[in-house]
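An overview of the molecular structure
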Amino acid sequence: DLLSLTAHKIYGPKGVGALYRRAGVDLAPLLHGGGQEDGRSGTLSPALCVGLGTAAALAGERMTVDADHARALWDRLLGGLDVPTHVNGSNHRRWFGTANLGFPGVDPTRLFAAVRDLAVSTGSACASASGRPSHVLAAMAGSVPGLRIGWGRFTTEAEIDTAAAVLTTAARRLGSLAA
């Protein structure tokens, strides 16, 4: 019935998004404005709106190419990890541009600290301010606390190879310390 979008997730500008609403779905306003913008408060930024539209059009044109690229990098990353690794979530029904990887016997917080040259996280942005683990990861059966890593349109195979090597080295070292 509803679909929320944010431009920066599809290479558009930060600070703008959209809400698709199926016909017949009524929403009550949370903020009340002065009657402009079809009853919404505030003024929309035309530049940001055009940026969102342009990014969406380009994403539509590149959908297959981007999905194939993301999948190839997923396969390369998992193939390059030479330590026991647990994929949190499905290996098949997913977007292949992100992964949450657990390394059994390795504390994810220590691993995070050991791979400072990689842009990874131990959770999701949605849960970062709470200080608690992600409720989504906690709900996944069989999840192993791990690191979240993502890649996209401009990520190279060499960058994925580097990430796999750095993660493998750090996980081996930390795993041997835990033993």
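Below you will find a few notes about this structure.

**Here we look at the environment of H69**
Residue placement: H69 occurs in helix α1 (residues 46-80). On a C-alpha basis, the gap between H69 and T156 in space is 9.4 Å, while along the polypeptide they are 87 residues apart. Excluding anything up to four places from it in sequence, H69 contacts G152, R153 and T155.

**A closer look at the pattern of salt bridges**
Tallied over the entire structure, the rule returns 7 salt bridges. A salt bridge links D161 to R76; the shortest N-O distance between them is 2.6 Å. Of the two residues, D161 sits in helix α4 (residues 157-178) while R76 sits in helix α1, which places them 85 residues apart along the sequence. A relative accessible area of 35% means that D161 is categorised as partly exposed.

**Here we look at the packing of aromatic side chains**
Within this structure, the stated rule accounts for 2 aromatic pairs. When the centroid spacing of 5.3 Å and the interplanar angle of 75° are considered together, the rings of W74 and F96 count as edge-to-face. With a gap of 22 residues between them, W74 in helix α1 and F96 in the loop between β3 (86-87) and β4 (98-102) connect regions that are remote in the sequence. Neither residue differs from the other here; W74 and F96 are each classed as buried. Here the guanidinium or amino end of R71 rests over the ring plane of F96, the centre of that ring lying 4.2 Å away.

How each quantity is defined
- Residues numbered from 1 in each chain as written.
- Predicted model: local features only at pLDDT ≥ 70, side-chain atom pairs only at ≥ 80, totals over all residues.
- Heavy atoms only, no water.
- Helix = DSSP H or I, 4+ residues; strand = E, 2+ residues; numbered from the N terminus.
- Contact = heavy atoms within 4.5 Å.
- Salt bridge = Lys/Arg side-chain N within 4 Å of Asp/Glu carboxyl O.
- Buried < 20%, exposed > 50% of the residue type's maximum accessible area, 1.4 Å probe, protein only.
- Phe/Tyr/Trp six-rings, centres within 6.5 Å; stacked < 30°, edge-to-face > 60°.
- Lys NZ or Arg CZ within 6 Å of the ring centre and 35° of its normal.

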